[in-house]
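Here's the letter readout for the chains.
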Amino acid sequence: MLKPLGDRLVIEVVKEEEKTASGIVLPDSAKEKPQEGKIVAVGNGRVTESGERVSPEVKADQKVLFSKYAGTEVKYDGKELLILRESDVLAVIE
Amino acid sequence: MLKPLGDRLVIEVVKEEEKTASGIVLPDSAKEKPQEGKIVAVGNGRVTESGERVSPEVKADQKVLFSKYAGTEVKYDGKELLILRESDVLAVIE
Amino acid sequence: MLKPLGDRLVIEVVKEEEKTASGIVLPDSAKEKPQEGKIVAVGNGRVTESGERVSPEVKADQKVLFSKYAGTEVKYDGKELLILRESDVLAVIE
Amino acid sequence: MLKPLGDRLVIEVVKEEEKTASGIVLPDSAKEKPQEGKIVAVGNGRVTESGERVSPEVKADQKVLFSKYAGTEVKYDGKELLILRESDVLAVIE
Amino acid sequence: MLKPLGDRLVIEVVKEEEKTASGIVLPDSAKEKPQEGKIVAVGNGRVTESGERVSPEVKADQKVLFSKYAGTEVKYDGKELLILRESDVLAVIE
Amino acid sequence: MLKPLGDRLVIEVVKEEEKTASGIVLPDSAKEKPQEGKIVAVGNGRVTESGERVSPEVKADQKVLFSKYAGTEVKYDGKELLILRESDVLAVIE
Amino acid sequence: MLKPLGDRLVIEVVKEEEKTASGIVLPDSAKEKPQEGKIVAVGNGRVTESGERVSPEVKADQKVLFSKYAGTEVKYDGKELLILRESDVLAVIE
C-alpha cells in the first residue's frame with residue numbers, strides 16, 4: 001500500500017471513457033482543464049507555521065476533480081496512480 | 001454536485017448578453033477586465049498558518065465580479081462552470 | 001451596488017480636470033505617478049495568517065491617491081469605477 | 001493634507017544645495033546612493049500577520065536618508081513630495 | 001554514521017532491478033517519475049515560525065517514494081546515499 | 001549623527017591597508033568575499049510578524065565581516081559610511 | 001576569533017586528501033555534491049517570526065557535510081574558513 005506524506009493524496013485517475021458516466025464533460029477552451037479521479041489514500045495533512053496539523057478535507061473513495069498537470073505518476077499493483085497535494089484538488093464530485 | 005475545496009468557489013459564468021441586464025458594461029481600456037458570474041457552491045475556506053479556517057465572505061446564489069483569467073473551466077450537468085479561489089472574486093453585485 | 005471583497009475598495013476615478021481643483025498636480029519625472037479618486041465602497045478587510053480580520057484604514061467618500069497601474073476597471077450604472085486593494089492606496093487627501 | 005496609509009510616509013525631498021548644509025555628501029561610487037528629506041506626515045504603521053499594528057519609528061519633522069529609487073512622487077500645495085514606505089528609510093539624521 | 005539536520009533524511013536508493021520486486025513500475029509518460037529508496041537516518045525535523053519542531057512522519061528502514069531530482073548524492077562506507085528533505089518524500093510503501 | 005532604522009547598522013568600512021592588521025586576508029577564489037568594518041550605530045532591530053522587536057546581536061564599536069555587495073554608501077562628517085542590515089553581517093571579529 | 005551571527009557557522013573546509021580518511025567518497029554524477037568540513041564556531045541561531053531564537057543543532061568540532069556552493073570564504077589566522085548558514089549543512093558525520 002502507498003501511504004502519502006503530509007498533505008498528499010494517492011489518486012486513481014479515471015479514464016476518459018468512464019468520465020462521461022459521471023457527467024463531467026470538458027469544454028473546448030484555452031483555459032486549464034481539470035481531470036477526474038478517485039482518492040485511494042490520504043496523508044495526515046500539512047503542518048502550519050504555528051505547528052498545527054491540518055486535517056485533510058477529503059477521504060478515500062471520494063471522486064475528485066484535480067488540476068491536469070499536478071502530481072507525480074506511479075504504477076503500483078498494476079494500477080496507474082497519481083500522488084498529488086490536497087491543494088491541487090479543485091472539488092469533490094458528490 | 002461539485003463541492004469545492006478550501007477557499008474555492010464554483011461559479012456559473014454569466015454570458016455577455018445577460019451581462020447587460022445586470023448593468024455591468026466593460027469600458028474599452030488596456031486594463032484587466034472582470035467577468036460576471038453567479039456562485040453555485042462555496043468551499044469551507046482556507047486554513048491560515050495559525051491553523052484557523054477562514055469562513056468565506058460569499059455564499060451561493062450571489063452575483064460576483066471576478067478576474068477574467070482566473071479559475072479552471074469544467075462542464076457539469078450541461079452547465080459551463082468555473083472553479084476559482086475566493087481571492088479571485090473582486091466584488092459582490094448587490 | 002458593488003460590495004468589494006477582503007481588502008478591496010471600489011473607487012471612482014477623478015478626471016484630470018477635476019484633479020487641479022483638489023490641488024494635486026503631478027510633476028514631470030520618470031518616477032511612478034499616483035492617480036486621484038473617491039472611495040465608493042470598502043471591503044471588510046484582509047484576514048491575517050493568525051486569522052484576524054484587519055479593519056480598513058479608509059472609508060467611503062474619502063479622496064485618495066493610489067498607484068496608477070493598480071486595480072481592475074469596471075463600468076457600473078454608467079460610472080467608471082476601479083476595484084483595487086487598500087495596499088494600493090498611498091494616502092488620503094484631507 | 002496628505003495622510004499616508006499603513007507604513008507609508010510623506011517626505012519633502014531636500015534639494016542638492018540644502019543637502020550640503022546638513023553635512024551629507026555622497027561619494028563617487030557604483031553603489032546605490034541615498035537621498036535626504038524631511039518627514040511631513042507618518043501613517044499608522046503596518047499590520048503584522050498576527051494582527052498587531054507596528055508603530056512607526058519615525059515622526060514628522062525628522063530629517064531622514066532614504067533609498068533614491070523608492071517611493072511615488074506627488075506635487076501638493078506647490079511642494080514636491082514623495083510617498084514611500086518606512087522600510088525605505090535608512091536612517092534618521094540627528 | 002551520517003546524522004541529517006532538520007527535516008532532512010538519508011536514503012539508500014533502490015536500484016532498478018530491486019524496484020520490480022516491491023511492485024513499483026513506472027509508466028511511460030511526460031510527468032515526473034518518482035524513485036524508490038530505503039530510509040537510513042532521519043533528522044530531528046524542521047522548526048516552524050512559531051518555534052516548534054515538527055517531528056518527521058517517517059522513520060528508519062521504511063521504504064519510500066521520492067522525487068527523482070531531489071537531494072544531494074554522497075557515497076559513505078561504500079553505499080550510494082541521498083540526503084533529501086522529508087517534503088521530497090511522496091509516500092511510504094507499506 | 002546617523003540613527004539607522006529597524007535592523008539596519010551604520011558601519012565604517014575598514015580600508016585594505018588596515019585590514020591586514022586585524023589578521024583577515026582574503027583568499028583568491030570565485031566565491032563571494034566579505035569586507036571588514038567597524039559598527040558606528042545600531043538600529044532598534046526588526047519587528048517580527050508576531051509584533052515583537054528583535055534586539056540586534058551586535059553593538060557599536062564591534063569589528064564585523066559583512067557581504068561586499070551589501071548596503072548603501074553615504075559620506076557623513078567626512079567619513080565613508082555604509083548603512084546595511086544586520087542580516088548582511090556574517091561574523092563579529094573578536 | 002570569528003563569532004558568526006544568527007544561524008551562521010564558521011567552518012574549516014576539509015581538503016580532498018583528508019576527505020578519504022573520513023570515508024566520504026563522492027560519486028560521479030550530475031547531482032550536486034556536498035563538501036566536508038569541521039565546525040569552528042556557531043552563531044546564536046535564527047529568530048523565528050514569533051520572536052523565538054532557535055538553538056543550532058550543531059556544535060563546534062563536529063564534522064559536517066554541506067552544500068558545495070554555500071557560504072562566503074574568508075582567511076583568518078592563516079586558515080581557510082567558510083561562513084555559511086546552518087540550513088546549508090546537510091548532515092553531521094558521526
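Computed from a prediction, not measured in an experiment: that's the story for all the values here.

Participant: Help me understand the interface of chain E and chain A in this model?
Facilitator: Chain E puts 28 residues into the contact, and the matching count from chain A is 27 residues. Counting the surface lost from both chain E and chain A, the interface buries some 2,300 Å², and carbon and sulfur atoms represent 51% of this. Inspection of the chain E/chain A interface yields two salt bridges. The interface formed by chain E and chain A includes 13 residue pairs in polar contact (both at pLDDT 80 or more). Of all the elements in the fold, those that place two or more residues in the side of chain E that touches chain A are β3 (24-25) and β8 (89-93) of chain E. Of the residues forming the side of chain E that touches chain A, the biggest block, five residues, is contributed by β8 of chain E. For the side of chain E that touches chain A, the per-class residue count stands at 13 nonpolar, six polar and nine charged.

Participant: Where do I start with a negative patch on the surface in this structure?
Facilitator: Taken together, the side chains of E52 of chain A, E52 of chain B, E52 of chain C, E52 of chain D, E52 of chain E, E52 of chain F together with E52 of chain G present a region of like negative charge at the surface. Looking at the element boundaries, E52 of chain A is found in the loop between β4 (34-42) and β5 (63-67). On the basis of relative accessible area, E52 of chain A is assigned to the partly exposed category, the value being 40%.

Participant: What am I meant to see in the pairing of strand β7 (residues 79-85) of chain B here?
Facilitator: Each regular strand carries side chains that alternate between the two faces of the sheet. Residue and element names in this part refer to chain B. Relative to β7, strand β2 (residues 8-13) runs antiparallel, the two being bridged by five bridges. Paired with L9 across the bridge in β7 is L84. Of the strand pairs in this sheet, strand β6 (residues 72-76) and β7 are connected by five bridges, and their pairing is antiparallel. Residue K75 lies in a different strand from β7, and its bridge partner there is E80. Connecting the antiparallel pair β6 and β7 is a turn made up of two residues, with D77 showing a positive phi of about 55°.

Participant: I'm lost on the pattern of salt bridges in this one. Help?
Facilitator: Should their charged atoms come close, side chains of opposite charge can pair. All names here are of chain C. Inspection of every chain in the model, using the stated rule, returns 28 salt bridges over all chains. The salt bridge involving K63 is made with E36; its shortest N-O contact spans 3.9 Å. Separated by 27 residues along the polypeptide, K63 in strand β5 (residues 63-67) and E36 in strand β4 (residues 34-42) bring together distant segments of the chain.

Participant: Teacher, can you tell me more about the relation of the copies chain E and chain A here?
Facilitator: Both copies of the chain are related through a single rotation about an axis accompanied by a shift along the same axis. For these two chains of identical sequence, chain E goes onto chain A by a turn of 52° and a shift of 0.1 Å along the axis, with RMSD 0.0 Å. Interface overlap between copies: only 11% of the residues of chain E at the interface are likewise at the interface in chain A, consistent with a contact formed by different surfaces.

Participant: So what exactly am I meant to see when it comes to the relation of the copies chain B and chain A here?
Facilitator: Take chain B, turn it by 52°, move it 0.0 Å along the axis, and it overlays chain A with an RMSD of 0.0 Å. In this assembly the copies use different faces: only 11% of the residues contributing to the interface of chain B also contribute to that of chain A.

Participant: Is there a simple way to explain the pairing of strand β2 (residues 8-13) of chain D in this structure?
Facilitator: Examined bridge by bridge, β2 of chain D and strand β4 (residues 34-42) of chain D share five bridges and lie antiparallel to one another. Each bridged residue has a counterpart across the sheet, and for I11 of chain D the counterpart in β4 of chain D is I39 of chain D.

Participant: What exactly am I supposed to notice about the environment of L65 of chain E here?
Facilitator: Locating L65 of chain E in the fold gives a position in strand β5 (residues 63-67). Distance in space between the C-alpha atoms of L65 of chain E and V13 of chain E is 9.9 Å, their sequence separation being 52 residues.

Participant: So what exactly am I meant to see when it comes to unusual backbone geometry here?
Facilitator: For residues that are not glycine, phi is negative in most cases, and the peptide bond is trans in most cases. One non-glycine residue, D77 of chain A, lies in positive phi territory at about 55°. Mapping D77 of chain A onto the fold places it in the loop between β6 (72-76) and β7 (79-85). Residue D61 of chain F is not a glycine yet carries a positive backbone phi of 80°. Here D61 of chain F lies in the loop between β4 (34-42) and β5 (63-67). Residue D61 of chain F is classed as exposed on the basis of its relative accessible area of 58%.

Participant: Would you explain the interface of chain B and chain A in this entry?
Facilitator: Interfaces are often sized by the accessible area lost when the parts come together. Between chain B and chain A, the residue contacts involve 27 residues of the former and 29 residues of the latter. Counting the surface chain B buries against chain A, the share from its top three residues, L5, E49 and E73 of chain B, is 29%. The closest approach of N and O atoms between R53 of chain B and E57 of chain A, which form a salt bridge, is 3.5 Å. Summed over the shared surface of chain B and chain A, the result is 14 residue pairs in polar contact (both at pLDDT 80 or more). Looking at the side of chain B that touches chain A, the elements with two or more residues in it are β1 (2-4), β6 and β7 of chain B. It is β6 of chain B that provides the largest number of residues to the side of chain B that touches chain A, a total of five residues. The class makeup of the residues in the side of chain B that touches chain A is 11 nonpolar, seven polar and nine charged. Where strand β8 (residues 89-93) of chain A and β1 of chain B come together, three bridges link them in antiparallel fashion. Within the sheet, the bridge partner assigned to A91 of chain A lies in β1 of chain B and is P4 of chain B.

What counts and how
Residues numbered from 1 in each chain as written. Chains lettered and ligands numbered in written order. Predicted model: local features only at pLDDT ≥ 70, side-chain atom pairs only at ≥ 80, totals over all residues. Heavy atoms only, no water. Contact = heavy atoms within 4.5 Å. Buried area = accessible area lost by both parts, 1.4 Å probe. Salt bridge = Lys/Arg side-chain N within 4 Å of Asp/Glu carboxyl O. Polar contact = N/O pair within 3.5 Å; in protein donor to acceptor, adjacent residues only side chain to side chain. Helix = DSSP H or I, 4+ residues; strand = E, 2+ residues; numbered from the N terminus. Nonpolar A, V, L, I, M, F, W, Y, C, P; charged D, E, K, R; others polar. Patch = residues over 30% accessible without salt bridge, like charges linked within 9 Å, V, L, I, M, F, W, Y side chains within 5 Å. Areas by Shrake-Rupley, 256 points an atom, 1.4 Å probe, with all protein chains shown as cover. Lys, Arg positive; Asp, Glu negative; His and termini not counted. Charge placed at Lys NZ, Arg CZ, Asp CG, Glu CD. Buried < 20%, exposed > 50% of the residue type's maximum accessible area, 1.4 Å probe, protein only. Pairing = 2+ DSSP bridges. Least-squares fit on C-alpha atoms with pLDDT ≥ 70 in both.

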